[in-house]
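# Topology and contacts: notes
Here are the chains, one letter per residue:
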Amino acid sequence: MTSRDTDLQSPEKRTLTLSGHVGFDSLPDQLVSKSVSLGFCFNILCVGETGIGKSTLMNTLFNTTFEYEEASHYQNIVYLRPRTYDLQESNVDLKLTIVDTVGFGDQVNKEESYKPIVDYIDCQFEYFLQEELKIKRSLHNYLDTRIHVCLYFISPTGHSLRSLDLVTMKKLDSKVNIIPLIAKADTISKCELNKFKIKIMSELVSNGVQVYQFPTDDEAVTEINSSMNAHLPLAVVGSSEEVKVGNKQVRARQYPWGVVQVENENHCDFVKLREMLIRVNMEDLREQTHSRHYELYRRCKLEEMGFKDSDTDSQPFSLQDVYVAKRREFLAELQRSEEDMRQMFVTKVKETEAELKERERELHERFEQLKRIHQEEKQSLEQKRRELEEEMNSFSRRKVAAETLQANTLQTSITHTIKKDKDKRNIFSLSSALSFATEGNVN
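The structure displayed is predicted, hence computed values, not measured ones.

Here the structure, examined in full by the defined rule, presents nine aromatic pairs. An angle of 85° between the planes, with centres 6.4 Å apart, marks the rings of Phe 104 and Tyr 152 as edge-to-face. With Phe 104 in the loop between strand 3 (92-102) and helix 4 (115-132) and Tyr 152 in strand 4 (residues 149-154), the pair connects residues that are 48 residues apart, well separated along the chain. An angle of 85° between the planes, with centres 5.6 Å apart, marks the rings of Tyr 212 and Phe 214 as edge-to-face. Side by side, Tyr 212 and Phe 214 carry an identical accessibility label, which is buried. The aromatic ring of Phe 128 is capped on one face by Arg 146, whose charged end is 3.7 Å from the ring centroid. Taking NZ or CZ as reference, Arg 146 lies 4.9 Å from the ring centre of Tyr 294, over its face.

Here we come to the pattern of salt bridges. A full pass over the atoms with the stated rule returns 25 salt bridges. With a shortest N-O distance of 2.8 Å, Arg 146 and Asp 144 are connected by a salt bridge. Of the two residues, Arg 146 and Asp 144, neither departs from the other in class, the shared state being buried. Here the salt bridges share partners, and the residues they tie into one network are Lys 197, Glu 265, Asp 269 and Lys 272.

All right, on to unusual backbone geometry then. Cis rather than trans, the peptide bond between Leu 232 and Pro 233 has omega equal to -5°. Tracing the sequence through the fold places Pro 233 in the loop between helix 7 (222-229) and strand 6 (234-235). One non-glycine residue with positive phi stands out, namely Lys 184, at about 50°. Take Lys 184: it is sitting in the loop between strand 5 (178-182) and helix 6 (190-206). Judged by relative accessible area, Lys 184 falls into the partly exposed class, the value being 38%.

The rules behind each value
Residues numbered from 1 in each chain as written. Predicted model: local features only at pLDDT ≥ 70, side-chain atom pairs only at ≥ 80, totals over all residues. Heavy atoms only, no water. Phe/Tyr/Trp six-rings, centres within 6.5 Å; stacked < 30°, edge-to-face > 60°. Helix = DSSP H or I, 4+ residues; strand = E, 2+ residues; numbered from the N terminus. Buried < 20%, exposed > 50% of the residue type's maximum accessible area, 1.4 Å probe, protein only. Lys NZ or Arg CZ within 6 Å of the ring centre and 35° of its normal. Salt bridge = Lys/Arg side-chain N within 4 Å of Asp/Glu carboxyl O.

Have a look at this one:
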């Protein structure tokens, strides 16, 4: 090992004192100017059942009215609906994307309600990874669609989390920054709300669900973030209506018994959410998404592709060698798959041939059986035909005998009648002669 290699592996830091102003102290200002000129993007995922107040809270949070399509409670599946808006405040441009989970929790079978959400988040990570892996990439103007924060809306039941909530947050905690929110917090009393918060955090910890913790490593925000972490989950109320309270108009919800002011910290945690989400920790959420969640996804994907970091004692790996090894592995796997498919095809052909032969044998047996039945039926019909012919001949003979007997009887009757008539005429003639003779004698 040469002295140059030794210097490269263990460089010595030398601190110098400047004798005058150089100007690199303006680097922060340059970064700010460049960032402002490029603009910022922020992507929010709102997870919660239909009608829990997601759209209203977004309108209240950014003090505007977003365009939403009203969703029904009769969705067969869960699908995600992203909407992107261009916002401007002072000289800062923000490209805001709000992703709504339409139909979440509305199905009877809720076992896989979380799956479309996980698939959507992974899909955005995959888009960014594909852009990174391009030979000619342009990440500086790439529209980053990765989800930076997930606002999980919890129903204000006052009892405990649903199993759907626990399963969904458990599936999402390694992929996105989760901030749990108790929606419509004005529907439960303050005492019940505090107990509900403690119950929720206890269930999250016992089930191993990791929610986003506001960072405390920066001294400028350590105190406020530490105090805000103790308020999780945040109880929020959203409203776009303005109500006159005293001498000023405030955003609030008016009830017959009073007014719930959205920006009154004694009424809800909306101000805390806005401070923590937008004014204090928005950049940390973006950084955590890239450095933690996306890096985890990227590492798993590259390991699946065969890439790995070299050990400190070994030589750096070559991308060409990894590619060649992976290609060989892929071709070997492809060859094995082809061989398996060929064997499977041969097996299926043999099975089909055996099945066809069995069916042919069954059909032949069936044919022979039908043939025997046909012969038996034919013989039976022939026997019946002979019996019927004998009956017909016997009937014919009886008919002829009956006709002969009837003819003889008729002839005898006619002969007897003729003889009778002849006798009557003879008697009449004799009587007439006697009468005539008698009359002659009288005269």
